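The residues making up each chain are set out below.
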Amino acid sequence: MKAAVIESVGRAVVTEVPDPTPGPREVVVEVAACGLCGTDLHILQGEFAPKLPIVPGHEFAGRVVGVGTQVTEVAVGDRVAVDPSLYCYECRYCRTGHNNLCERWAAIGVTTAGGAAQFAVAPVANCVKLPEHVRTEDAALVEPLSCAVRGYDVLQSRLGAHVLIYGSGTMGLMMLELAKRTGAASVDVVDLNPARLETAVRLGVSGSASNADELERPQGWDVVVDATGNAAAIQDGLGRVAKAGTFLQFGVADYATRVTIDPYRIYNHELTITGSMAVLHSFERAAELFANGVLDPEIFISDRIPARPAFEDEAVQAEKRGLGAQPPGTGMGRGGGGETKGRPIGRRVRER
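First things first, this report covers the structure right here in the doc. In this text, all values refer to a predicted model and were calculated from it rather than measured experimentally.

## Digging into the packing of aromatic side chains
The way to describe two aromatic rings as a pair is by their centre distance and the angle between their planes. Enumeration over the complete set of coordinates arrives at two aromatic pairs. On the basis of an interplanar angle of 80° and a centroid distance of 5.9 Å, the ring pair of Y87 and Y89 is categorised as edge-to-face. Looking at Y87, the relative accessible area reads 17%, which means it is buried. Taking relative accessible area as the criterion, Y89 reaches 58% and is therefore assigned exposed. Just above the ring of Y93 sits the side chain of R92; from NZ or CZ to the centre is 5.6 Å.

## A few points about the nonpolar core
With 50 residues, the main nonpolar core has L145 and F250 as its most contacted residues. Among the secondary structure elements, those contributing two or more residues to this core are α3 (142–155), β10 (162–166), α4 (170–181), β11 (186–190), α5 (194–202), β13 (221–226), α8 (283–291) and α9 (297–300). Among the elements that make up this core, the one with the highest residue count is α3 (eight residues). Grouped together as the second largest cluster of nonpolar side chains are 17 residues, V31, C34, V82 and A120 included.

## Details of the environment of W221
Mapping W221 onto the fold places it in strand β13. For W221 and F247, which are 26 residues apart along the polypeptide, the C-alpha to C-alpha distance reads 9.4 Å. Among all residues touching W221, those that are not within four sequence positions of it are H162, V163, L164, D188, A212, L215, R240, V241 and A242.

## Here's the deal with the packing of α3 against α4
Where α3 meets α4, the closest approach of the two axes is 9 Å, and the angle between their N-to-C directions is 55°. Here α4 runs oblique to α3, going by the angle between their axes. As α3 packs across α4, the resulting crossing turns out to be right-handed. Between α3 and α4, the contacting residues are P144, L145, C147, A148, V149, G151 and Y152 on the first element and M171, M174, M175, L178 and A179 on the second. The residue inventory of the contact of α3 with α4, partitioned by class, reads 11 nonpolar, one polar and no charged.

## Quick word on the environment of G207
Examined against the element boundaries, G207 turns out to sit in strand β12 (residues 207–209). For the pair formed by G207 and L164, sequence separation is 43 residues and the distance between their alpha carbons is 9.2 Å.

## Notes on the pairing of β13
Most of β13 is tucked away, with five of its six residues classed as buried. Pairing analysis gives four bridges linking β10 to β13, with the strands arranged parallel. If you follow I165 over to β13, its bridge partner there is V225. With five bridges connecting them, β13 and strand β14 (residues 241–249) associate as parallel partners. The partner of V223 across the bridge, within β14, is T246. At this point the chain moves from β13, through helix α6 (residues 231–238), to the parallel β14, and the crossover so formed is right-handed.

Cut-offs and rules
Residues numbered from 1 in each chain as written. Predicted model: local features only at pLDDT ≥ 70, side-chain atom pairs only at ≥ 80, totals over all residues. Heavy atoms only, no water. Phe/Tyr/Trp six-rings, centres within 6.5 Å; stacked < 30°, edge-to-face > 60°. Buried < 20%, exposed > 50% of the residue type's maximum accessible area, 1.4 Å probe, protein only. Lys NZ or Arg CZ within 6 Å of the ring centre and 35° of its normal. Core = buried A, V, L, I, M, F, W, Y, C linked by side-chain atoms within 4.5 Å. Helix = DSSP H or I, 4+ residues; strand = E, 2+ residues; numbered from the N terminus. Contact = heavy atoms within 4.5 Å. Axes fitted to C-alpha atoms, helices over the stretch in contact; angles between N-to-C directions. Parallel < 35°, antiparallel > 145°, perpendicular 65-115°, else oblique. Left-handed = near helix turned anticlockwise from the far one by under 90°. Nonpolar A, V, L, I, M, F, W, Y, C, P; charged D, E, K, R; others polar. Pairing = 2+ DSSP bridges. Right-handed = clockwise from strand over helix to strand, strands pointing away.

Okay, structure coming up:
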């Protein structure tokens, strides 16, 4: 089969690889769409430290074309979205319910072959069947949405909170959509890219600006979310948290990124600084939210790229330029979603 392969740091090619074979409790999925994520770019840049070569792609959906000998939950022909998370279920973190912090953490498309290929293999437990009205290619958005749902699980946001989001890319706008539906009194968005801010306005943001100083909330925000991974945005956001408020580091920063904190202010204002890592008990809920229309795929998917050397040329170059969207076949993710110069929001998706 054809697959995109990250062969070494900075080098991705499209080549022939062996067709996958399912284990007893696994299925083979014919990939209909896969998103190019910021994490994929981190892998390409050698920052996520998996073993190379690797077939990337952890945001994908498709049709089941093969099942293992012990699979009864799905059948050939079923359409599914795939949770890429792979846990050991044995370490202390798995045993205490923090599977996303697993000491042997792995993921389809990160540590094992992923969805940037014609076919991908996955545990049956990671597959969520799609209802008839959901387009298979659009369901590549379920995985990033599940990361956003995990973010709101961490926040435990109260009704009537005032929320500030840094980054109006795919992930920032997903956080916007969830904030609107979890009873936020207001949701403001900051981004340097005017075109991305236009999308935030289209989605019903309370206020948008290139700098938080332009927004009228001198007392700060109850919840501040960084969806950029950008040091300047993170540093500014830490200073915008209201008393008794929470700062969520949601965007994926480079390893070398550093910011400073004010310990006395954290103490005196009872601030909470926390993070949200990937997916935890949120994928199936995200699939249900997606099926119920929490996101509009026509807004969140900016480009649908045919199945060809997309990862190697168009998608990677587009992501480097700050584009978004999830095309079936490749996708975009947590980092690089805001504080960038490029086109409007969206996931670039590679479709078959």
